[in-house]
Amino acid sequence: MTRLTTAIRDTAARIDAATPAHRDRAVDALRALAVLGVVLGHWLVTALVADGRTLRTASPLQHMPWLAPVSWAFQTLAVFFLVGGHVATRSYASARQRGTPYRRWLHARLARLFRPVVAVLGLWTVVTLALLLSDTEYATVRTLVKLALSPMWFLLVFAALTAATPLVARLHPLWPLAVVLHVDVLRFGLGAPDGLGLLNLAAGWLVPYTLGAAWTRGELEGRTSGWVLLGGGTAATAALVASAGYPAAMAGVPGAEVSNLNPPTLAAVTFGLAQCGLALLLRDRLRRTMRRPLAWAAVALVNLSAMTVFLWHQTALMATTAALLPTGPLPGLHTVPDGLGWVAARLPWPAVFALALVVCGAAFRSWERSGGRRRRTRPSTVIRTHRPMTERAPHV
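Throughout what follows, the structure given in this document is the object of discussion. What you see is a predicted model, and the numbers here were worked out from it, not measured in a lab.

### Quick notes on the overall build of the chain
Here is step 1 of the chain: Helix and strand counts for the chain come out as 18 helices and two strands.
Here is step 2 of the chain: For a compact globule of 396 residues, the expected C-alpha radius of gyration is about 21 Å, and the chain comes in at 21 Å, within 12% of that figure.
Here is step 3 of the chain: Counting only residues that meet the buried cut, the chain has 50% of its 396 residues in that class.
Here is step 4 of the chain: Residue pairs at least 24 apart in sequence account for 79% of intrachain contacts in the chain once pairs closer than 6 positions are excluded.
Here is step 5 of the chain: Surface accessibility of the chain: about 19000 Å² in total, with carbon and sulfur atoms responsible for 66%.
Here is step 6 of the chain: With 39 positive and 16 negative side-chain charges, the chain shows a separation of 12 Å between the mean positions of the two kinds.

### Observations regarding the packing of aromatic side chains
Here is step 1 of the chain: Scanning all chains against the criterion turns up 16 aromatic pairs.
Here is step 2 of the chain: Directly above the ring of W215 sits R283, whose terminal nitrogen or CZ lies 5.1 Å from the centroid.

### Quick word on the side chain of S94
Here is step 1 of the chain: With respect to the helices and strands, S94 occurs in helix 5 (residues 77-98).
Here is step 2 of the chain: Only 2.9 Å separates the side chain of S94 from the side chain of R98, close enough to count as a polar contact.

### Concerning helix 2 (residues 25-45)
Here is step 1 of the chain: Under the 1.5 Å per step criterion, the end-to-end length of helix 2 is 30 Å for 21 residues, consistent within 8% with the ideal 30 Å.
Here is step 2 of the chain: For helix 2, a buried count of 17 out of 21 residues is recorded, marking the element as mostly surrounded by other parts of the structure.
Here is step 3 of the chain: The residue sitting at the N-terminus of helix 2 and contributing the capping side-chain oxygen is D24; that oxygen lies 3.2 Å from the backbone nitrogen of A26.

### Observations regarding the pattern of salt bridges
Here is step 1 of the chain: The tally for this structure, following the rule as stated, stands at seven salt bridges.
Here is step 2 of the chain: Notably, a salt bridge pairs D16 with R25, separated by 2.7 Å at the nearest N-O pair.
Here is step 3 of the chain: In this structure, the salt-bridge partner of R287 is D24, at a minimum N-O distance of 3.0 Å. Linking R287 in helix 14 (residues 266-289) with D24 in the loop between helix 1 (2-18) and helix 2, this pair joins segments that are 263 residues apart in sequence.
Here is step 4 of the chain: By sharing partners, the salt bridges in this structure join R23, D28 and R31 into a single network.

### Examining the layout of surface pockets
Here is step 1 of the chain: As a volume, the largest pocket reaches approximately 1200 Å³.
Here is step 2 of the chain: Around the largest pocket, the lining is made up of 40 residues, and of these H42, K146, S150, G252 and N262 lie nearest the centre.
Here is step 3 of the chain: Of all the secondary-structure elements, those providing two or more residues to the lining of the largest pocket are helix 2, strand 2 (54-58), helix 4 (68-74), helix 8 (138-149), helix 9 (152-163) and helix 16 (306-323).
Here is step 4 of the chain: Class assignment for the residues of the lining of the largest pocket results in 22 nonpolar, 15 polar and three charged.

### A closer look at the packing of helix 5 against helix 6 (residues 102-114)
Here is step 1 of the chain: Orientation of helix 5 relative to helix 6, taken along the N-to-C sense of each, is 140 degrees, at an axis distance of 10 Å. You can see that helix 5 and helix 6 cross each other, and the crossing is right-handed. Within the contact between the two elements, helix 5 uses V87, A88, S91, Y92 and A95 and helix 6 uses Y102, W105 and R109.
Here is step 2 of the chain: Looking at side-chain class alone, the contact of helix 5 with helix 6 contains six nonpolar, one polar and one charged residues.

Here is what the cut-offs are and how they apply
- Position labels on residues start from 1 in each chain and follow its written sequence.
- In view of the model being predicted, local features appear only for residues whose pLDDT reaches at least 70, and side-chain atom pairs are presented and counted only at 80 or more, with totals across whole chains, interfaces and linings using the full set of residues.
- The basis for every side-chain value is the complete set of heavy atoms in the structure, and neither hydrogens nor water enter the calculation.
- Strands here are runs of E lasting at least two residues and helices are runs of H or I lasting at least four, both read from the DSSP assignment and numbered beginning at the N terminus.
- Computation of the radius of gyration draws on C-alpha atoms, with the globule rule given as 2.2 Å multiplied by the number of residues to the power 0.38.
- Exposure classes here rest on a 1.4 Å probe applied to the protein chains alone. A residue is buried below 20% of its type maximum, exposed above 50%, and partly exposed in between.
- Here, two residues are considered to be in contact whenever any of their heavy atoms come within 4.5 Å of each other.
- Every accessible area reported is derived by Shrake-Rupley at a probe size of 1.4 Å, with residue values counting cover from the shown protein chains alone.
- By the counting scheme adopted, Arg and Lys are positive, Glu and Asp are negative, and His together with the chain ends is not counted.
- The atom standing in for a charge is NZ when the residue is Lys, CZ when it is Arg, CG when it is Asp and CD when it is Glu.
- Stacked, tilted and edge-to-face are the three classes assigned to paired rings of Phe, Tyr and Trp, where Trp is represented by its six-membered ring and a pair needs centres within 6.5 Å; plane angles under 30 degrees give stacked, over 60 edge-to-face, the rest tilted.
- Throughout this description, the term charge over a ring refers to an Arg CZ or Lys NZ atom that lies within 6 Å of the ring centre and within 35 degrees of the ring normal.
- Between N or O atoms, a polar contact is any pair within 3.5 Å; within protein, one atom must be a potential hydrogen donor and the other a potential acceptor, and residues adjacent in sequence are included only when both atoms are from side chains.
- Helices are assigned an expected span. That span is 1.5 Å times one less than the residue count.
- Put simply, a salt bridge is a Lys or Arg side-chain nitrogen that is within 4 Å of an Asp or Glu carboxyl oxygen.
- Points on a 1 Å grid over protein atoms alone make up a cavity when a 1.4 Å probe fits among them but cannot get out, and a pocket when they form an open set with protein on both sides within 12 Å along at least five of seven lines; lining residues each have an atom within 4 Å of a point.
- Grid points are joined across faces, edges and corners, and a volume is the space filled by probe spheres set on the points.
- Side-chain classes are defined by residue name, with Ala, Val, Leu, Ile, Met, Phe, Trp, Tyr, Cys and Pro counting as nonpolar, Asp, Glu, Lys and Arg as charged, and the others, Gly among them, as polar.
- For every element, the axis is a line fit to its C-alpha atoms; helices are fit only across the contacting stretch, and the angle between N-to-C directions ranges from 0 to 180 degrees.
- If you view the pair so one helix is near and one far, a crossing is left-handed when the near helix is turned anticlockwise from the far one by less than a right angle, and right-handed when it is turned clockwise.

Right, here's the structure in full:
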C-alpha cells in the first residue's frame, strides 16, 4: 500500500509540475464537476425495470417527488455551458490573434467533440441489429437505444453554439433569456404548440454560454456578479415552482406532463443562472484546492476523458443491469424505484457502474484522442508545457 501511495503521489506531482503556471485550473475543475454531476445524477435516478417482456425506464422521482432536491445537486449542465462558452470565446480570440481561419478553428473543436461519437454509434448499431434479429420487444429496443443515445442531443446543441461563437461572443445573456420567457408564455399561458419549445433548446443553453463569454471579457470577475446570479436565480426559480406550476425536479421524469429539460423551461434557465453564480463564487476556492497535486491530477484525468465518460455512462449502466439480470431481480438495480428501500439499495450501485465505465473507457478512449487511428502519443493540452494555454483550449 505504501508503494502504491508513493507511486500515486509521484505521478500527481509530475502532472502538477507539467502544468503551466498561468493555467486557470478552476476552469478544469468546474468542467469536471459538471460532467461528474450529470453522470452521477443519471446513475442515481435512472432505473431499468421489467414490465412483462418489456424493459422500460423508471425514476424514483416518479414515486417520490420529494426527492426533487437530488436533481438540484446533480443537474449541472448549465455549468458545463458556462465553462464551454468561456473556453470557446477565449480560444477563438486566440485563434484570431494567430491568424487562424474560422473554418480551421471550428473544425479542430468539433473534431474533438464528435470523435468519440463514432465508437458509440458503431457499437449501438450492432447491438440494435442483434436485438431486433433476436425478436426482442421493439419497446425494449427503443428504450435501450434512446437511453444510450440521449447524450447526443447535448452534443448537437453544444456544437451549434460553438459554431455560433463569433456571433454570440458579445451577446448579452438577457437576450436569450427573453426568448425563453416569451416561448414559455406562449406555450403555457397562451396554448401555443409544444413544438415552439424547440427554440429553447438553443436559447435556454445560450444563456449560460453567453455568461461564459462575459467571463472571458472580464465582466464577471468580481464576487458581486456571482451573488446576483445566485440570489436572483434562486429566487426566480422558487417563485416559478411555487406560483407558476413549473416542476420542482430539474431532471426529466418519465410520464411527467412537463419536463424542465426537454426542452429547457424558464425555471431550468433561472436555476442554471443560480448554478452559474455559485460556480463563479467558487472559483477562488477551487484555484486554491487545485494547487494540491492529488486534487489537480484527479481533475486532469477527468478532463482527459470527459467526452468518453459522458457518452458511455448510460451504456455502462445498461451493461451492468443486463449482465446481472440472470442472477434474479437485484434490489436497487432491477426493482421498481418506489420507496426508500430502493434508494438505500441504489446507493452502492454507482460504484459498479463506474467500474463498467472504466472498461468502456479503456476500450474506446483512443477514439477521443485519435478517432481510432494509431498515432504518436502527444501530451495532453491539460498539462502541455510548450504551448500557452490560450493557444489551444482543453478538451470540451
